[in-house]
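Read off the chains here:
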Amino acid sequence: MKASRISVLVLSLAAAPVFASDLDLSLTNDSVKGQVNFFGNNNDLQLGAGYTYHEGSRHIGNVDFHAQGRTALGNLPTTAGIGVRAIGYEQDHFDGGAVGLGGFATVNIPRAPGLSFTGGLHYAPSILSFGDSDDMTSVELRANYRVIRNAEVFAGYRYLNTELDGRSSADVNLDEGVMAGMKIFF
């Protein structure tokens, strides 16, 4: 059974670029994450899916759905999105997830072509959490630099925390750390 799940996952990831707008790969000291977004910045909607493997056999999956559009912060061109991020995780002794409400913004710096900053925040209270989770907070901050037309590199910080329902060690950082990665546009 495990072999068939792994085969389906590998085939899905191999076929994802055919339908994707971008592929995002990032590393922290303890984890690796892949994210596929299906629509570009010019679309009114954004749909994405990701998978994170964290050291110690922790598996984290996410599905994102946002309304997005272009705006400006001051004179800085910005792409912003508001929506939901559904996160599920599994580890040996606990599992659960949540549907977090929030959004993201990417601010481009016109005086430094290729440079942008991205921030995202999603929060799920206990009413939107399930399994062993009582609430969940997801934060991601990063600086991006577009190296060529269809690829950029980035560095930043990722934080994913949940409070466990009815456990003595209440807070668990599911994924946290300084990250680096690359994004490829199709």
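Keep in mind the model is a prediction, meaning the values are calculated, not measured.

## Things to note about the packing of aromatic side chains
Scanning all chains against the criterion turns up one aromatic pair. Here the basic side chain of arginine 142 rests over the ring of phenylalanine 154, its NZ or CZ set 3.8 Å away from the ring centre.

## Details of the pairing of strand 9 (residues 133-148)
As defined by bridge partners, strand 7 (residues 115-124) adjoins strand 9 across 10 bridges and the pair is classed as antiparallel. Across the sheet, the residue bridging to glycine 119 is leucine 141, located in strand 9. Here strand 9 pairs with strand 10 (residues 151-164) via 14 bridges, running antiparallel. Its bridge partner lying in strand 10, valine 139 is registered against tyrosine 159. With antiparallel pairing between neighbouring strands as the criterion, strand 9 and strand 10 make up a hairpin whose turn holds two residues.

## Let's talk about unusual backbone geometry
With a phi close to 65°, serine 57 is a non-glycine residue in the positive phi region. Along the chain, the position of serine 57 falls in the loop between strand 3 (45-54) and strand 4 (58-73).

## Some words on a nonpolar patch on the surface
A cluster of nonpolar side chains, contributed by Leu25, Tyr145, Val147, Ile148, Val153 and Met182, occupies part of the molecular surface with about 530 Å² of accessible area. Top contributing element to the nonpolar patch by residue count: strand 9, with three residues. By secondary structure assignment, the location of leucine 25 is in strand 1 (residues 22-27).

Conventions and cut-offs
- Numbers given for residues are sequential positions, taken from 1 along each chain in its written order.
- In view of the model being predicted, local features appear only for residues whose pLDDT reaches at least 70, and side-chain atom pairs are presented and counted only at 80 or more, with totals across whole chains, interfaces and linings using the full set of residues.
- Values reported for side chains reflect all heavy atoms of the structure, with hydrogen atoms and water molecules removed beforehand.
- Whether two aromatic rings pair depends on their centres lying within 6.5 Å, for rings of Phe, Tyr and Trp, where Trp uses its six-membered ring; planes under 30 degrees apart make the pair stacked, over 60 edge-to-face, and the rest tilted.
- The criterion for a charge sitting over a ring is simple: Lys NZ or Arg CZ within 6 Å of the ring centre, and within 35 degrees of the ring normal.
- Each pair of strands is called paired provided DSSP finds at least two bridges between the two strands.
- Numbering of helices and strands runs from the N terminus; a helix is a DSSP stretch of H or I covering at least four residues, while a strand is a stretch of E covering at least two.
- The residues that make up patches have over 30% relative accessible area and no salt bridge, and they are joined within 9 Å when like-charged or within 5 Å when they are Val, Leu, Ile, Met, Phe, Trp or Tyr.
- In short, Shrake-Rupley with a 1.4 Å probe defines the accessible areas, and a residue's cover is counted only from the protein chains shown.
- Salt bridge, as used here, is a side-chain nitrogen of Lys or Arg placed within 4 Å of a carboxyl oxygen of Asp or Glu.

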